[in-house]
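Commentary on secondary and tertiary structure
Each chain, letter by letter, is given below.
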Amino acid sequence: MTPSQIPIIQTIGVCQEYKLPRTSLFGERPVLAALKNVDFYAMEGESVGIVGESGAGKSTLTRILVGMEKPSSGSFKFKNQEVWSSDDEFKAEFRRSVQMVLQNPRSSFDPRMTIAQSLLQPLKGLKIGGDHQKRIHEVLDQVGLGVDSLKKYPYEFSGGQLQRVAIARALIPNPKILIADEPVSALDVSIQAQVLNLLNDLVKDLNLTLILITHDLSVVSYVTTRVAIMVNGEIAEVDSPKALFQNPKSTIAKSFVDSVLTVGKGIEGESLF
Ligand SMILES: Nc1ncnc2c1ncn2[C@@H]1O[C@H](COP(=O)(O)OP(=O)(O)OP(=O)(O)O)[C@@H](O)[C@H]1O
Ligand SMILES: [Mg+2]
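The following paragraphs examine the structure supplied in this document. Here the structure is a predicted model, which means the values were calculated and not measured.

**Observations concerning the overall build of the protein chain**
If you tally the helices and strands in the protein chain, you get nine helices and 10 strands. A principal-axis box enclosing the C-alpha atoms of the protein chain has dimensions of 55 × 50 × 50 Å. Here the contacts in the protein chain between residues at least 6 apart in sequence split such that 68% fall between residues at least 24 apart. Of the roughly 13,700 Å² that the protein chain leaves accessible, carbon and sulfur atoms contribute 50%.

Here you go:
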């Protein structure tokens with residue numbers, strides 16, 4: 001493999017098990033296998049989707065990919081290096097390089113902090129030097145917001161604007177990978193496309209890797225070029241969105257697609273297929 005063919009982020013045979021509360025006085029605590037042998041990767045500059053029904057393990061995989069949880073077993077690599085056994089310097093690079101955008105911008109900001117204070121936090125927390133004010137102005141510009149936003153509080157923004165601020169906050173440490181877990185599902189349909197277009201533009205302009213987790217097949221088709229379907233803790237199938245949603249090969253993927261594919265119209269009224 002040449003360096004350009006090595007995934008920037010990768011799980012190999014990752015399992016994640018959670019111990020559940022004891023159901024009887026005696027005996028072992030039951031174990032829930034949330035991820036079973038998950039092989040997943042994304043290349044630099046690639047937009048990859050993860051879809052699957054509720055409880056399939058999407059958020060669990062996300063927590064592994066951002067380093068919030070250590071897998072029970074299996075390998076997790078960033079830039080071809082094991083993250084959990086790497087040295088502190090590499091771990092710090094990993095933490096700066098992988099950033100998240102969450103579903104609900106209202107609950108991901110401290111309502112008592114101005115946007116300026118919220119945007120300063122990752123710079124301080126990750127001990128990033130340089131001109132902080134300049135960096136904040138740069139990212140605000142990248143997400144299409146003016147510097148007048150800085151003095152405001154979260155409640156002064158619409159949901160779509162606040163999700164732009166959340167994207168700005170994720171961009172602050174200059175990440176290589178953006179992981180977005182249902183980034184538009186809490187937003188009004190009329191502004192979902194704007195936020196998705198912003199993500200698409202950022203991926204191109206900054207050569208970001210985007211990992212997008214969603215229930216919504218039209219969203220994933222609009223943004224990503226390769227999609228993994230998760231079913232019951234496993235990756236059932238990976239393909240282009242078109243191939244996967246029109247003609248899934250495995251019966252398990254087919255039954256998922258059939259269960260969610262209700263309309264043939266995507267966002268902005270375009271037909272996706
Ligand atoms: N910390 C935990 N302790 C115990 N069980 C957990 C924990 N986190 C997740 N689970 C279980 O693991 C399974 C996968 O959950 P996960 O949140 O990853 O699903 P999901 O695909 O993100 O679902 P949704 O679409 O509803 O967000 C579920 O059965 C869930 O109950
Ligand atoms: Mg989830």
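From this point on, the discussion continues.
**Observations regarding the pattern of salt bridges**
Tallied over the entire structure, the rule returns eight salt bridges. Between Lys176 and Glu44 there is a salt bridge, and its shortest N-O distance comes to 3.0 Å. Of this pair, Lys176 sits in the loop between helix H5 (159–171) and strand E7 (177–181) while Glu44 sits in the loop between strand E2 (31–42) and strand E3 (47–52), and the two are 132 residues apart along the sequence. On the basis of relative accessibility, which here comes to 30%, the residue Lys176 falls in the partly exposed class. Its relative accessible area of 45% is what places Glu44 among the partly exposed residues. Put simply, Lys249 and Asp239 hold a salt bridge, and the shortest N to O gap is 2.9 Å.

**Things to note about the nonpolar core**
Within the largest apolar cluster, 47 residues are counted, with the highest numbers of intra-cluster contacts made by Leu119 and Ile167. If one sorts the elements of this core by residue count, H5 sits on top with seven residues. Membership of the second largest hydrophobic core comes to 26 residues, among which are Ile9, Ala56, Phe78 and Val98.

**Quick notes on helix H1 (residues 58–65)**
Of all eight residues making up H1, six are buried, and the element is well covered by its neighbours. Taken together, the buried positions of H1 are occupied by Lys58, Thr60, Leu61, Thr62, Ile64 and Leu65. Positive backbone phi, at 80 degrees, marks Gly67, one or two positions downstream of H1.

**Here we look at the packing of H5 against helix H6 (residues 189–206)**
H6 packs onto H5 with a crossing angle of 20 degrees between their chain directions and a minimal axis gap of 10 Å. As the angle between them shows, H5 and H6 are arranged roughly parallel. Relative to H6, the crossing made by H5 is right-handed. Seen from H5, the contacting residues are Gly160, Gln163, Arg164, Ile167 and Leu171; seen from H6, they are Ile191, Gln194, Val195, Leu198, Leu199, Leu202 and Leu206. Here the residues of the contact of H5 with H6 sort into eight nonpolar, three polar and one charged.

**Structural notes on unusual backbone geometry**
In the Ramachandran plot, Asn80 falls in the positive-phi region, its phi being about 65 degrees despite a non-glycine side chain. In this structure, Asn80 sits in the loop between strand E4 (73–78) and strand E5 (81–82). If you check the backbone angles, Asn174 has positive phi at about 60 degrees while not being a glycine. Looking at the element boundaries, Asn174 is found in the loop between H5 and E7.

The rules behind these values
Residues numbered from 1 in each chain as written. Chains lettered and ligands numbered in written order. Predicted model: local features only at pLDDT ≥ 70, side-chain atom pairs only at ≥ 80, totals over all residues. Heavy atoms only, no water. Helix = DSSP H or I, 4+ residues; strand = E, 2+ residues; numbered from the N terminus. Contact = heavy atoms within 4.5 Å. Areas by Shrake-Rupley, 256 points an atom, 1.4 Å probe, with all protein chains shown as cover. Salt bridge = Lys/Arg side-chain N within 4 Å of Asp/Glu carboxyl O. Buried < 20%, exposed > 50% of the residue type's maximum accessible area, 1.4 Å probe, protein only. Core = buried A, V, L, I, M, F, W, Y, C linked by side-chain atoms within 4.5 Å. Axes fitted to C-alpha atoms, helices over the stretch in contact; angles between N-to-C directions. Parallel < 35°, antiparallel > 145°, perpendicular 65-115°, else oblique. Left-handed = near helix turned anticlockwise from the far one by under 90°. Nonpolar A, V, L, I, M, F, W, Y, C, P; charged D, E, K, R; others polar.

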